[in-house]
Every structure is written in structure tokens, then in C-alpha cells.
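Observations on the model geometry
Next come the chains, spelled out residue by residue.
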Amino acid sequence: MFEAKPAPRPPFTLIRGGEVYSPVPIGRQEILCAGDRILTIGQDLEPAAAALGAVEVIDATGLSVVPGFIDQHLHFIGGGDFEGPLGRVPELHLSWIVSGGVTTAVGIMGIDMEYKNLHGLLVKARELERSGLSTYIYTGSFALPSPVLTTSVRADITLIDKVIGAKVAISENVYPNLDFSLLAELGAQLRFARNLTGKAAVMHCHVGRNPKRLQPLFDLLDAIELPIDQILPTHLNRREPDGLAHAIEFARRGGTIDFSCNMSRRSGSVTAVNPDEAVRHVLQAGIALDRITLSSDANVSMPVLAEDGRIISLHNAPPT
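Right, let's walk through the structure included here.

Cut-offs used in this document
Residues numbered from 1 in each chain as written. Predicted model: local features only at pLDDT ≥ 70, side-chain atom pairs only at ≥ 80, totals over all residues. Heavy atoms only, no water. Phe/Tyr/Trp six-rings, centres within 6.5 Å; stacked < 30°, edge-to-face > 60°. Helix = DSSP H or I, 4+ residues; strand = E, 2+ residues; numbered from the N terminus. Buried < 20%, exposed > 50% of the residue type's maximum accessible area, 1.4 Å probe, protein only. Salt bridge = Lys/Arg side-chain N within 4 Å of Asp/Glu carboxyl O. Patch = residues over 30% accessible without salt bridge, like charges linked within 9 Å, V, L, I, M, F, W, Y side chains within 5 Å. Areas by Shrake-Rupley, 256 points an atom, 1.4 Å probe, with all protein chains shown as cover. Pairing = 2+ DSSP bridges. Expected span 1.5 Å × (residues − 1). Arc of directions from axis to C-beta. Polar contact = N/O pair within 3.5 Å; in protein donor to acceptor, adjacent residues only side chain to side chain.

**With respect to the packing of aromatic side chains**
By convention here, two paired aromatic rings are described through the distance between centres and the angle between planes. A complete count under the given rule lists two aromatic pairs for this structure. Between Phe142 and Tyr175, the ring centres sit 5.8 Å apart and the planes meet at 50°, which makes this aromatic pair tilted. Here Tyr175 lies in the loop between strand S11 (163-170) and helix H5 (180-197) and Phe142 lies in the loop between strand S10 (134-140) and helix H4 (153-159), a separation of 33 residues in the sequence. The class for Phe142 is buried, based on a relative accessible area of 2%.

Here it is as C-alpha cells:
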């Protein structure tokens with residue numbers, strides 16, 4: 001039997017009673033929307049809303065009303081990486097993403113390119129967008145030369161609307177990428193791609209546990225003068241080795257640094273600095289707030305620890 005279709009929603013929505021951030025705090029305001037568009041923000045909008053016709057009223061009293069979050073590091077098709085078959089996780093459903101307040105997301109590949117690939121990532125991004133999410137992806141993965149969708153990183157960014165840059169690994173012992181010329185070649189392609197397209201053409205860098213930390217990026221900046229705003233290192237909230245010292249140096253040079261929310265001792269990551277503590281640390285070092293971003297690195301397998309620190313099982317880190 002076919003289920004009855006839900007009744008259509010009113011064309012207008014009034015959100016009232018909440019503390020509104022736009023994104024700066026502007027106090028308790030009312031928000032009048034038409035479909036997915038905000039018409040106006042102000043006080044006492046209910047009479048104006050009623051004059052428009054049918055209006056759905058949402059009471060946000062006691063809540064914060066904020067713009068949708070951007071998650072720039074999310075594993076759309078699963079990032080079960082180091083744990084093998086037991087670490088496999090499913091593709092993300094739209095509801096899992098938006099439940100964390102995210103309305104724009106950038107999908108990336110994990111370390112596994114054997115049975116997951118960039119073509120699947122691109123199709124998943126299009127599926128999620130048709131469901132209502134704004135989506136982009138990074139081409140590439142851990143390895144150099146970068147795996148691509150077309151013929152090159154530059155071509156991927158130029159020819160495919162969803163591709164806004166390339167992921168690569170640095171200071172990662174599983175993918176050491178010790179040939180500096182390959183990293184420089186990737187940087188050159190990204191620089192050219194930005195000129196061709198006007199896109200950000202970001203080099204999104206997975207930073208591993210090797211003590212070199214961000215040194216390959218400092219070498220790259222010195223060697224080919226790649227604009228620092230085209231480089232975004234992530235996973236910098238590591239305790240072993242200390243990733244925060246290099247993060248502070250990178251930000252002082254004018255770069256942006258990203259902390260991973262799933263890398264938390266509360267989530268079972270024994271080598272991590274909790275992301276809130278990492279933010280506090282770099283702010284105390286004098287780094288401006290607009291040089292710091294947070295991303296989830298969600299939909300990967302994470303360890304569940306016993307009281308003595310032993311890994312006893314795995315769980316999937318959710319986008320929330």
C-alpha cells in the first residue's frame with residue numbers, strides 16, 4: 001500500500017523567541033522566511049507574516065538561532081582507514097549531517113582507495129545536494145601523485161564544479177610522501193587552477209603523527225611561494241607529537257589552522273588534544289580567532305577504550 005503524502009507546509013515560516021547570531025550576536029529577534037530564503041530579521045514580525053497568508057510559527061525560546069555550519073572535512077562515503085574490514089563505516093545519510101547543524105559540507109577520501117574512490121565520492125556529493133545540502137569535494141587522497149577524476153588535479157578543479165581543491169598527506173608514516181618535488185608540483189597545479197577558475201583551489205593537508213609536523217609546508221612556502229591561503233592543514237590538535245607549536249607558527253605566518261573535533265580524548269583518541277582546549281591554547285598564544293577553524297572528520301571508525309587505555313571496540317564518529 002502507498003503511504004499518504006504529508007500535508008504541504010505553509011509557504012512562510014516565522015521563527016521567534018530565539019537568541020539570533022548572524023553570525024555576530026544580535027539578541028532576541030524574529031526571522032521571517034519564505035521557503036528556504038530569509039525575508040527579514042526584526043521585532044514583532046507576526047502581523048506582517050499573517051498578512052502574507054499561511055505561516056508556520058516555530059518557537060525557539062531558550063534556543064540559539066545560528067547560520068548553518070560549514071564542515072570542511074567530512075567522509076561522505078566512509079573513512080574506515082587504519083582498522084581494516086572491522087573499521088568500515090557506511091555512507092552518510094543527509095539526516096546524520098544536518099542533525100549537527102551543518103548545511104554546507106566538503107567530502108574527502110580517507111586512506112582507503114582500494115574499494116572506495118573519487119567517482120563514488122562525487123556521486124555521493126551530488127546525491128546529498130539533491131537532498132538539500134550544499135556540497136563540495138576535494139580531489140586527491142593521501143598519496144602523491146594524487147589520484148584524480150580526470151587527467152590531473154588542475155583539470156579536476158577546472159572541469160568539475162564540485163571540486164574546490166585537493167587533499168594530500170604530510171608527515172604521515174603510512175604515506176610518507178618524501179619526494180618534495182611531487183608536493184611542489186601539486187602546489188603549482190593548485191596555483192594555476194586558482195588563476196584559471198577563481199576557485200579557492202585549496203591544498204587540504206592531512207597532518208600525521210610524524211615529528212616533522214608542518215615542516216613540509218614551511219619548505220613549500222619557501223620554495224615556490226604558494227600563497228599561504230591556499231594551504232589548510234588539519235588534524236593539528238595532537239599531543240604526541242605536539243602539533244600546536246607548528247600550528248601557531250603557521251597561523252603567525254598568515255595561514256589558517258584546522259582542529260578535528262573527532263580527535264578528542266573524550267572520543268577515545270589517546271594522542272589528541274581536545275579541540276576546545278586546542279582553540280584556547282592558540283588563542284592564548286595570540287592567534288586571532290579568524291585564523292582557526294573546526295571540522296568534524298566524521299564518519300570514520302574511532303576506538304572505544306577500557307579504563308586502562310586498551311582498545312576494546314570501535315565506534316563510528318558521527319557528524320554531531
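From this point, the narrative continues.
**Looking at the pattern of salt bridges**
For the structure on display, the rule yields 10 salt bridges. For the salt bridge of Arg16 with Glu46, the shortest nitrogen-to-oxygen distance reads 2.4 Å. Placement of the pair is Arg16 in strand S1 (residues 12-16) and Glu46 in helix H1 (residues 46-52), with a sequence separation of 30 residues. For Glu46, a relative accessible area of 37% puts it in the partly exposed group. Here Asp222 makes a salt bridge to Arg253, at a shortest N to O gap of 3.7 Å. Here Arg253 lies in the loop between helix H7 (244-252) and strand S14 (257-260) and Asp222 lies in helix H6 (residues 215-224), a separation of 31 residues in the sequence. Asp222 gets classed as exposed once you look at its relative accessible area, which sits at 55%. Using a relative accessible area of 37% as the deciding quantity, one classes Arg253 as partly exposed. Connected through salt bridges with shared partners, the residues Glu91, Lys124 and Glu127 form a single ionic network.

**Looking at a nonpolar patch on the surface**
Taken together, the side chains of Val24, Ile26, Ile38 and Ile41 define a hydrophobic patch exposed on the protein surface, amounting to about 340 Å² of accessible area. In this fold, Ile26 is placed in strand S3 (residues 25-28). Owing to a relative accessible area of 32%, Ile26 belongs among the partly exposed residues under this scheme.

**Here's the deal with the pairing of S1**
Most of S1 sits inside the fold, with four of its five residues counted as buried. With four bridges joining them, S1 and strand S4 (residues 30-34) adopt antiparallel strand pairing. Among the inter-strand pairings, Phe12 is bridged to a residue of S4, identified as Ala34.

**Thoughts on helix H3 (residues 118-130)**
Compared with the 18 Å implied by 1.5 Å per residue over 13 residues, the 19 Å span of H3 between its first and last C-alpha is a close match. Among the residues of H3, Leu118, Leu121, Leu122, Lys124, Ala125 and Leu128 are the ones counted as buried. Angularly, the buried residues of H3 cover 165° about the axis, an arc narrow enough to put them on a single face. Exposed residues lying more than 90 degrees from the buried face of H3 are Val123 and Arg130. Among the residues of H3, the N-terminal cap falls to Asn117, whose side-chain oxygen and the backbone nitrogen of His119 are separated by 3.1 Å. Trailing H3 by a residue or two, Gly132 shows a phi angle of about 120°, which is positive.

These results come straight from atomic positions and should not be treated as a statement about function.
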